Amino acid sequence: MKKHIGWIAGTAAAVLVAAGAITYAVAEDGGSGAKTPSADSADAGFARDMAVHHQQAVEMSYIVRDRTKNADVRRLAYDIAQTQANQRGMLLGWLDLWELPKVSADPPMTWMGMGDMASGKDGALMPGMATNTEMTKLGTLSGRQAEIFYLQLMTDHHKGGIHMAEGCVAKCQVGVEKSLAQGMVDAQTSEIKLMADMLKERGAKARS
């Protein structure tokens, strides 16, 4: 387990180090005559939606860090929070670079052709997002119960995030954004496997 956790921590650190280079690369692309994405493009839609999706993962991770003393869960939660907060900053930074709005009147997932599927019921705006009720419940649990519920919620969250990131890989036009999206797919797939092992250790399993 510690070996896997160490790998995740290393990955998080690598993402933080690479962030500036990736943002700089986008700026360079923008300054070399490359076409700036439009507000209704997949590039802009993914940046807006994933920024919101990531923000909930960050919130969820900080909640569980206050609800358990387990070192492995706290370390995983910290790594997820740091990585996704950093990526969120990059996504919002690109929207600024492109001079595009950070919000849209269109429903979430419209850029994937799934705008009619986003009900937003109880705060779950996109695939895998926890409801407001689930977020509140997480804040009431402690110890092993909090760990299990967090790992289940984050597994669902990652599955939804992977679906969205795969959509960007297929539809986005900005090369470094596509690369970031593929990196999300790879890292979150590995984290899902790690969380499955952590749930098994606690006599539980993913919800779906």
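Now for a description of the structure that goes with this document.

Conventions and cut-offs
- Residues numbered from 1 in each chain as written.
- Predicted model: local features only at pLDDT ≥ 70, side-chain atom pairs only at ≥ 80, totals over all residues.
- Heavy atoms only, no water.
- Core = buried A, V, L, I, M, F, W, Y, C linked by side-chain atoms within 4.5 Å.
- Buried < 20%, exposed > 50% of the residue type's maximum accessible area, 1.4 Å probe, protein only.
- Helix = DSSP H or I, 4+ residues; strand = E, 2+ residues; numbered from the N terminus.
- Contact = heavy atoms within 4.5 Å.
- Phe/Tyr/Trp six-rings, centres within 6.5 Å; stacked < 30°, edge-to-face > 60°.
- Axes fitted to C-alpha atoms, helices over the stretch in contact; angles between N-to-C directions.
- Left-handed = near helix turned anticlockwise from the far one by under 90°.
- Nonpolar A, V, L, I, M, F, W, Y, C, P; charged D, E, K, R; others polar.
- Polar contact = N/O pair within 3.5 Å; in protein donor to acceptor, adjacent residues only side chain to side chain.

**Structural notes on the nonpolar core**
Then, in step 1: Residues Phe46, Met60, Leu91 and Tyr150 are the most contacted members of the largest nonpolar core, which totals 55 residues.
Then, in step 2: Counting only elements with at least two residues in this core, the list comes to α2 (42–65), α3 (71–97), α4 (132–138), α5 (143–171) and α6 (175–201).
Then, in step 3: Once residues within four sequence positions are removed from consideration, Met60 is found in contact with Ala130, Met135, Leu138, Tyr150, Leu153, Met154 and His157.

**Topic: the packing of aromatic side chains**
One pair of aromatic rings is described through two measures. These are the centre distance and the angle between the planes.
Then, in step 1: In the structure shown here, the tally under the stated rule is two aromatic pairs.
Then, in step 2: Seen in terms of ring centroids, Phe46 and Trp111 are 5.7 Å apart; in terms of plane orientation they differ by 75 degrees. Their pairing is edge-to-face. Residue Phe46 is found in helix α2, and its partner Trp111 is found in the loop between α3 and α4; the two are separated by 65 residues along the sequence. Both residues of the pair, Phe46 and Trp111, count as buried.
Then, in step 3: Where Trp94 meets Trp98, the ring centres are 6.3 Å apart and the plane angle is 35 degrees; that geometry is what we call tilted.

**Side note on the packing of α3 against α5**
Then, in step 1: At a minimum axis separation of 11 Å, α3 and α5 run at an interaxial angle of 30 degrees. Seen along the crossing, α3 lies across α5 with a hand that is left-handed. On α5, the residues touching Val73, Leu76, Ala77, Ile80 and Gln84 of α3 are Glu147, Tyr150, Leu151, Met154 and His158.
Then, in step 2: Residues belonging to the contact of α3 with α5 are distributed by class as follows: seven nonpolar, two polar and one charged.

**Quick word on the environment of Thr140**
Then, in step 1: Within the secondary structure, Thr140 is located in the loop between α4 and α5.
Then, in step 2: Separated by 73 residues in sequence, Thr140 and Arg67 have C-alpha atoms that sit 8.3 Å apart.
Then, in step 3: Within the local environment of Thr140, its side chain forms a polar contact with the backbone oxygen of Lys137, the two atoms lying 2.6 Å apart.

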